[in-house]
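Inside the fold
Next come the chains, spelled out residue by residue.
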Amino acid sequence: MAPRVAPRPSSTHRLCVRILLASFLAAHRLVPSCSASFFSFFPAAARRHDYRDALAKSILFFEGQRSGRLPPGQRASWRGDSGVSDGAAAGVDLEGGYYDAGDNVKFGFPMAFTTTMLAWSVVEFGGDMPRDERRHAAGAVRWATDYLLKTLAHPGVIFLQVGDPWKDHDCWERPEDMDTERTVYNVSAGRPGSDIAGETAAALAAASMVFRDDDREYAETLLASARKAFEFADTYKGAYSDDPDLRAGGCPFYCDFNGYQDELLWGAAWLRRASKDDTFLQYIQNNGKTLGAEDSSNEFGWDNKHTGLNVLVSKEFIEGEVLSLQSYKEFADSFICTLIPESSSPHITYTPGGMLYKPGGSNMQHVTSISFLLLTYAKYLSKSCHTVNCGDISVGPATLQRQAKKQVDYLLGDNPMKMSYMIGYGDRYPQRIHHRGSSLPSIKDHPQRIACKEGTPYYNSSGANPNPLVGAVVGGPGEDDAYEDDRADFRKSEPTTYINAPLVGVLAFLVGNPNPGHIRH
């Protein structure tokens with residue numbers, strides 16, 4: 001591969017750098033926004049991480065989560081076919097998709113968010129991925145979108161879940177053996193689900209951009225289906241977990257605690273990004289306030305999209321195209337300031353070892369999703385002379401990159417436990433993760449069925465899981481940086497698809513930018 005050569009900076013770029021450099025020398029606190037090549041903000045690392053290896057493994061993880069008939073090229077070879085008759089209870093085909101975590105339920109809400117984040121990872125940072133990993137990442141997106149298209153295939157309904165979570169969680173069995181009820185749940189005009197429909201619209205719209213160059217027909221199908229899902233979301237407004245039947249199936253696992261309004265804006269924002277259709281820009285402009293676009297939030301995940309929405313929508317303002325979207329940059333800036341320890345804003349909590357921390361368990365979902373937003377926002381800012389004003393300091397892309405890199409390095413082993421929280425990466429990583437398929441003998445080695453309660457001894461075993469789920473990132477340590485490697489402690493030891501999905505983009509950036517303080521234009 002030929003070495004990358006940085007293009008000659010424009011006169012505007014050089015002027016920006018001179019202005020920022022002068023300000024830095026005067027204030028000694030300003031981080032440059034247009035170029036960081038004059039500065040080195042990264043101290044010598046305790047170790048050098050192999051981001052390319054971590055990227056490959058983070059994508060491979062999704063093959064271990066597949067449901068349905070596995071393809072000939074399946075690399076997680078300890079897995080077998082499962083859920084091949086999903087949807088039969090409702091007379092529909094819902095084979096495929098992903099199990100969200102260590103259980104055997106297909107929850108549509110987090111699956112759609114996972115798809116959006118996988119697609120966004122490829123859209124923003126696919127150019128930094130080695131060719132094979134770009135192909136594997138697109139394959140991971142397509143495994144999800146093929147399933148999401150099935151959930152929209154029947155007029156008047158959107159299917160959002162397969163599997164009774166209460167009965168599933170009462171068993172410890174491999175997906176290949178599961179015999180619990182594969183109950184099918186859907187939303188409709190009579191019991192709306194703007195949240196699941198809006199997130200599905202976002203996922204399909206974002207994914208359409210992934211396939212635009214290589215499979216135009218598939219990309220157009222995804223975009224048309226995204227429009228269909230959004231129309232459903234906007235026409236039949238409501239949260240799916242407000243319906244008693246759907247609440248019984250989805251809660252307390254994936255209730256919509258935050259309301260459906262953010263998913264409406266999120267879906268519209270992705271349709272705008274993918275289609276360039278002014279209709280969706282007008283929707284955002286006309287409905288932003290009423291749908292809570294000004295809500296203050298430092299959350300971003302499967303339930304709350306506000307911060308991601310602000311970063312995504314601010315792109316058009318930052319690049320000087322739609323000045324009416326300035327407020328979205330202001331909201332995004334407010335969020336960024338909560339991540340900067342030197343700012344005067346109220347801060348997000350960090351552990352003594354430096355990990356971003358939010359109460360509630362599965363903390364690595366916050367580490368990866370917020371790191372992704374930091375790098376994405378840094379990318380947008382680097383194309384202009386915009387900065388983030390945090391009281392008496394002004395913050396530019398290099399600082400955001402530094403914050404994200406620090407979080408990823410913590411995840412990969414630079415932490416008080418000296419442990420990688422990605423399975424298969426490094427010399428020391430969790431051995432007893434909360435994951436049925438990983439903890440039970442592979443169907444390839446033990447073809448005899450292991451019934452519901454017959455898996456309990458494996459669950460209680462102190463031994464290492466026989467099938468390493470390579471690339472999986474567990475929930476991670478608590479606020480004291482401690483990790484006990486306990487299979488029963490699912491808040492710390494369970495991996496999820498929505499932890500890995502944004503990490504794919506973060507690691508891709510680090511593969512393409514071995515010196516993260518330097519902004520390439």
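Parameters and conventions
Residues numbered from 1 in each chain as written. Predicted model: local features only at pLDDT ≥ 70, side-chain atom pairs only at ≥ 80, totals over all residues. Heavy atoms only, no water. Helix = DSSP H or I, 4+ residues; strand = E, 2+ residues; numbered from the N terminus. Expected span 1.5 Å × (residues − 1). Buried < 20%, exposed > 50% of the residue type's maximum accessible area, 1.4 Å probe, protein only. Contact = heavy atoms within 4.5 Å. 1 Å grid on protein atoms, 1.4 Å probe; cavity = no way out; pocket = protein on both sides within 12 Å on 5 of 7 lines; lining within 4 Å. Points joined across faces, edges and corners; volume = space filled by probe spheres on them. Nonpolar A, V, L, I, M, F, W, Y, C, P; charged D, E, K, R; others polar. Axes fitted to C-alpha atoms, helices over the stretch in contact; angles between N-to-C directions. Parallel < 35°, antiparallel > 145°, perpendicular 65-115°, else oblique. Left-handed = near helix turned anticlockwise from the far one by under 90°. Disulfide = S-S within 2.5 Å. Pairing = 2+ DSSP bridges.

As recorded by an unreviewed UniProt entry, the chain carries the name Endoglucanase and is attributed to Panicum virgatum.

Side chains three or four residues apart in an α-helix point the same way, a direct result of the helix having 3.6 residues per turn. Relative to the 30 Å expected for 21 residues at 1.5 Å per residue, helix α4 (residues 131–151) spans 31 Å between its end C-alpha atoms, a close match to the ideal helical length. Residues of α4 that are buried include every one of Glu133, Ala137, Ala138, Ala140, Val141, Trp143, Ala144, Thr145, Tyr147, Leu148, Leu149 and Thr151, and no others. Packed against the buried residues of α4 are α2 (51–64), β1 (106–107), α3 (108–125), β2 (157–162), α6 (194–210) and α7 (216–235).

It is the rolling of a water-molecule-sized probe over the atoms that shows where space remains empty. Taken as a whole, the largest pocket holds about 820 Å³ of empty space. Around the largest pocket sit 31 residues that line it, and Phe253, Trp302, Gly360, Gln365 and Tyr498 are the ones nearest its centre. Sorting the residues of the lining of the largest pocket by element identifies α13 (364–382) and α17 (490–493) as the ones contributing at least two each. Of the residues assigned to the lining of the largest pocket, the class counts are 13 nonpolar, 10 polar and 8 charged.

Glancing now at the packing of α13 against helix α14 (residues 397–412). Contact geometry for α13 and α14: axes closest at 8 Å, N-to-C directions at 155°. Considered as vectors, α13 and α14 are oriented roughly antiparallel to each other. When you trace α13 past α14, the crossing you get is left-handed. Across from Met364, Val367, Thr368, Ser371, Leu374, Leu375, Tyr377, Ala378, Leu381 and Ser382 in α13, the residues of α14 making contact are Pro397, Leu400, Gln401, Gln403, Ala404, Gln407, Tyr410 and Leu411. Here the residues of the contact of α13 with α14 sort into 12 nonpolar, 6 polar and no charged.

Right, let's talk about the packing of helix α11 (residues 306–318) against α13 for a bit. One can describe the packing of α11 onto α13 by two numbers: an axis separation of 10 Å at closest approach and a directional angle of 10°. Viewed along their axes, α11 and α13 adopt a mutual orientation that is roughly parallel. Residues Thr307, Gly308, Val311, Leu312, Ser314, Lys315 and Ile318 of α11 pack against Leu373, Thr376, Tyr377, Tyr380 and Leu381 of α13. When grouped by side-chain class, the residues that make up the contact of α11 with α13 number 7 nonpolar, 4 polar and 1 charged.

Before going further, it helps to spend a moment on the state of the cysteines. Tallied over the full model, the rule gives 3 disulfides. A disulfide bridge connects cysteine 171 with cysteine 452, and the sulfur atoms are separated by 2.0 Å. The sign of the S-S torsion, about -95°, decides the handedness of the disulfide formed by cysteine 171 and cysteine 452: left-handed. Residue cysteine 171 is located in the loop between α5 (165–168) and β3 (184–188), and its partner cysteine 452 is located in the loop between α15 (436–439) and α16 (456–460); the two are separated by 281 residues in the primary sequence. The pair cysteine 171 / cysteine 452 is uniform in exposure class, with both members buried. Each disulfide pairs two cysteine sulfurs, and for cysteine 251 the partner residue is cysteine 255, the sulfurs being separated by 1.8 Å.

A few words now on the pairing of β2. For β2, the tally of buried residues reaches 6 of 6 residues, placing the bulk of the element in the interior. Relative to β2, β1 runs antiparallel, the two being bridged by 2 bridges. In the strand pairing of β2, phenylalanine 107 is matched with glutamine 161. Inspection of the sheet shows β2 paired to β3 by 5 bridges, in the antiparallel sense. Residue pairing for β3: isoleucine 158 is matched across the bridge by valine 187.

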